[in-house]
Every structure is written in structure tokens, then in C-alpha cells.
Amino acid sequence: MDKKENRKPVEISELGEFGLIDHLTKDFTVIDKNLIKGIGDDCAVFECGDICNLVTTDLLVEGVHFNLVYTPLKHLGYKAVAVNLSDIYAMNGTPKYITVSVAVSRKFSVTAMEQLYEGIKLACDRFDVELIGGDTTSSMSGLFINITAIGQAKKEDIVYRSGAKKNDLVCVSGDLGGAYIGLKVLEREAKIYMEDKEMQPELEGYEYVIERQLKPEPRRDIVRELAKRGIVPNSMMDISDGLSSELMHICKQSDVGCRVYEEHIPIHEQTESVANRFHMDPSLAAMNGGEDYELLFTVPMDKKELVEEISDVSLIGYICDASEGKKFVPRNGAELDLKAQGWTSF
Ligand SMILES: [Mg+2]
């Protein structure tokens, strides 16, 4: 008997999401000469005449990525599109088309599906994207949504995770940690509701963080502001798994280190106050929470003044030599190694 068959099966959790992707795709190499980037960035990139196409895809599973007790289907449709467009913007591209595939169980009515597609339509209209196809099938349990987004960019404008350079400034858009804190609020309310269906959710004072969780906005505005100033970042990605995890991707793929300063990390006042009420550290939520869908990018030092002109962008640190490590600098206390404690489905 083959020795392989005697091996104890490896649990997926031992590899983690990124380890699993590396493991499963290790034998797939880039063959086509028009393929510029395969697996390993926010989008795949391939050349088509004068223009490059960008492709990204995302699968959302009920009970894993969303809970319908507190997620209106219209919001879910919007978010499912938004997170894919965010990956196109993270390459400094323009989204053009999406395909939407859904698997639905019998518990969903036509009206429910209409609500989902209302949200999809809203996102398409807002970001000038066209729905061009997909597949619809049945599911034995719950709802699955798979969206593929296709975008375009000029070759010279595309920004990868791998381009960060020593002395680059590390920048983020918007504020961080809100989506995670919003999720905590929604989970608490869902638990109360499940115990007593008469209970009305207590959501006053939580509007901002809940919106951050339920309705993230891809940062097309930031991509446009950068372009207006002629800035092409050296590296960029969107923050879906948490700042720590994303910084580590950029550093690893660019073969550099970094310093990021707690005092410069943008946190909304409601994120801060709700986190405190939940006895959670707001900075930890910002570093590890994920799902904020803000942009993380690095620019050369000489672009500092131009970047500072853009409202809603914060300079949070700098890129250094790989030998200096990847460190988080707390307000008081010693530097800490960055850890990818980000979101993992497994
Ligand atoms: Mg991404």
C-alpha cells in the first residue's frame, strides 16, 4: 500500500487559510506570457493589448461570513459586491463587470432574493459596474454567494503588494476597527434576540460601527484622489483581514520591514467608546479586527505633502529594512512584533 494512504489526514486548521492556498496551488505555475500576476495579490492581472484586466473573486457562506438574523439581504447584496470592488481598487484599477452566482435553500422566497439583488444593483449603479452573468442553483443549507469582479487598468498604474520600498510612508484610508466592533454589537443583539424573540434590538449609539460592518464602502474616492495628484503608490492592498495581517503580506512580498505607531492609527470615536464599553482594546480591534475595507498603501517619502492633502488618509508609520523586523510601536512600552491574528475562516 502506498505510504501516503497511511498518513494521518492533515486538518485544514493546521495549515490556516493562507497555508492551505499555498499548499493547494504549489504545482500551478505561470505559463501564459500575458499573465502578469497569478495567485497572491488582491487580483490576478493579465495583459490584453494596451490594457490589463484585473480579476478577483469571493465566496460568502451563510453562518460563516454572514448571519441573516442581523444582516438585511439588501445590505448583504451590496456588501458582497463592495468587497470585490475593493480588491480592484486595491490594485489601483477600475471595476467594470461582475458575475454573481448564488446557491439558495428552500427557506428563501423570491422576495428575499429580490432584496439581495436590490443591494447588488445599488452597488453596481453606485460604482458604474455591470452585471454580466452568473449561476443560480439550490443549496441543502442556507445561502452561498460567489461574486467575481473584473476590472481594468493601464499596466504602469497597477499597484501590487510587492512594491514597498525602504523609507516609504505607510498610509491608511478612513478609520479602522469599526467593522469588528460593529460585529460584536450585532452578535450580542442577535444572542439576546435568539433567547427572547420579543426583545427589540438596542442599537442607538451604535449606528456608525454597525454601518461599518453591514455596509462597507470600497474606497474609489481615495484611488481618484491619488490619481489626481499623480501618485502611484509603491504598494497597496485593501484591509479585509486586519491591519496587522495586511502589513505582514506587504512586508513579506516586498521583502521589507515596517514600524507602525499606535498613536497614528485612525480610530473613530464611536469605535473607541463602544470598544471600551465592551472591555476591548480599540487598537487591538483596529490591528486585528478586519472587514474595514480601507486601503493600506505605501508611498515614497517625497510624496508626503501631497498625500497629506488628501482628507481621510493617515500616515501611520514607515517601511524599513527587512532585518529590522515588522513592529507595532505602542503609545507606551516596548515595540511588539506584528502578528497576523486576522480573520480566518477555519
Ligand atoms: Mg484584498
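That block above? That's the structure.
Source: prediction; values computed, not measured. (Residues numbered from 1 in each chain as written. Predicted model: local features only at pLDDT ≥ 70, side-chain atom pairs only at ≥ 80, totals over all residues. Heavy atoms only, no water.)

Within the protein chain one finds 11 helices and 13 strands. Taking 2.2 N^0.38 as the reference for a compact globule, 346 residues should give roughly 20 Å; the C-alpha atoms of the protein chain span a radius of gyration of 21 Å, in line with that estimate. Taken along the three principal axes of its C-alpha coordinates, the protein chain extends 55 × 55 × 50 Å. Within the protein chain, the proportion of its 346 residues that are buried is 47%. Averaging the locations of the 39 positively and 58 negatively charged side chains of the protein chain gives two centres separated by 3 Å. (Helix = DSSP H or I, 4+ residues; strand = E, 2+ residues; numbered from the N terminus. Rg over C-alpha atoms; globule rule 2.2 N^0.38 Å. Buried < 20%, exposed > 50% of the residue type's maximum accessible area, 1.4 Å probe, protein only. Lys, Arg positive; Asp, Glu negative; His and termini not counted. Charge placed at Lys NZ, Arg CZ, Asp CG, Glu CD.)

With that out of the way, let us pick up the coordination of the magnesium ion. For the magnesium ion, every protein donor is listed as Asp42 (OD), Asp87 (OD) and Asp238 (OD), and the spread of their distances is 2.0 to 2.1 Å. All donors of the magnesium ion come from a single chain, and their spacing in sequence reads D-x44-D-x150-D. Note that Asp87 is positioned in helix α3 (residues 73–89) and Asp238 in strand β8 (residues 235–238), a separation of 151 residues in sequence. Just as Asp87 is buried, Asp238 falls in that class too. (Donors = N, O, S within 2.8 Å, 3.2 Å for Na, K, Ca; no water.)

This brings us to the sheet that holds strand β6 (residues 144–153). A sheet is described by the order of its strands in space; here six strands give the open sequence β1-β2-β3-β6-β4-β5, paired in mixed fashion. The open sheet has two free edges, formed respectively by β1 (35–37) and β5 (130–138), since each of these has just one partner strand. Direction aside, neighbouring strands of the sheet carry axes that sit 20° apart on average. Packing of α3 onto the sheet brings it into contact with β3 (51–61), β4 (94–104) and β6, and relative to β6 it is tilted by some 35°. This element, helix α4 (residues 110–126), spans β4, β5 and β6 of the sheet and lies at about 170° to β4. (Pairing = 2+ DSSP bridges. Axes fitted to C-alpha atoms, helices over the stretch in contact; angles between N-to-C directions. Contact = heavy atoms within 4.5 Å.)

So, about the pattern of salt bridges. As enumerated under the stated definition, the model contains 26 salt bridges in all. Here Glu118 ties to Lys74 by a salt bridge, and the two come within 3.8 Å at their closest N and O atoms. Taken together, the positions of Glu118 in helix α4 and Lys74 in helix α3 put the pair 44 residues apart, joining distant regions of the chain. Looking at Lys74, the relative accessible area reads 36%, which means it is partly exposed. (Salt bridge = Lys/Arg side-chain N within 4 Å of Asp/Glu carboxyl O.)

Glancing now at the sheet that holds strand β10 (residues 295–299). In space, the seven strands of this open sheet follow the order β8-β10-β7-β11-β9-β12-β13, with mixed pairing throughout. At either margin of the open sheet sits one strand with a lone partner, and together these are β8 and β13 (336–337). The sheet contact formed by strand β7 (residues 169–173) and strand β11 (residues 313–320) spans five bridges and is antiparallel. By the bridge assignment for β11, Ser173 is matched with Val313. Sheet strands in contact with helix α7 (residues 220–228) are β7, β10 and β11, and its direction is about 15° off that of β10.

All chains considered together, the criterion is met by two aromatic pairs. With a centroid separation of 6.3 Å and 55° between ring planes, the pair formed by Tyr89 and Phe127 is classed as tilted. Pair noted here: Tyr89 is in helix α3 and Phe127 is in the loop between α4 and β5, with a separation of 38 residues, a long-range link. Of note, Lys215 hangs over the ring of Tyr78, and the distance from its end group to the ring centre comes to 4.6 Å. (Phe/Tyr/Trp six-rings, centres within 6.5 Å; stacked < 30°, edge-to-face > 60°. Lys NZ or Arg CZ within 6 Å of the ring centre and 35° of its normal.)

Below, the discussion takes up helix α5 (residues 178–195). Between the first and last C-alpha of α5 there are 26 Å, a value that for 18 residues agrees with the 26 Å anticipated at 1.5 Å per step. Of all the residues in α5, the buried ones are Gly178, Ala179, Ile181, Gly182, Leu183, Val185, Leu186, Glu189 and Ala190. On its buried side, α5 packs onto α6 (207–214), α9 (269–277) and α10 (282–288). (Expected span 1.5 Å × (residues − 1).)

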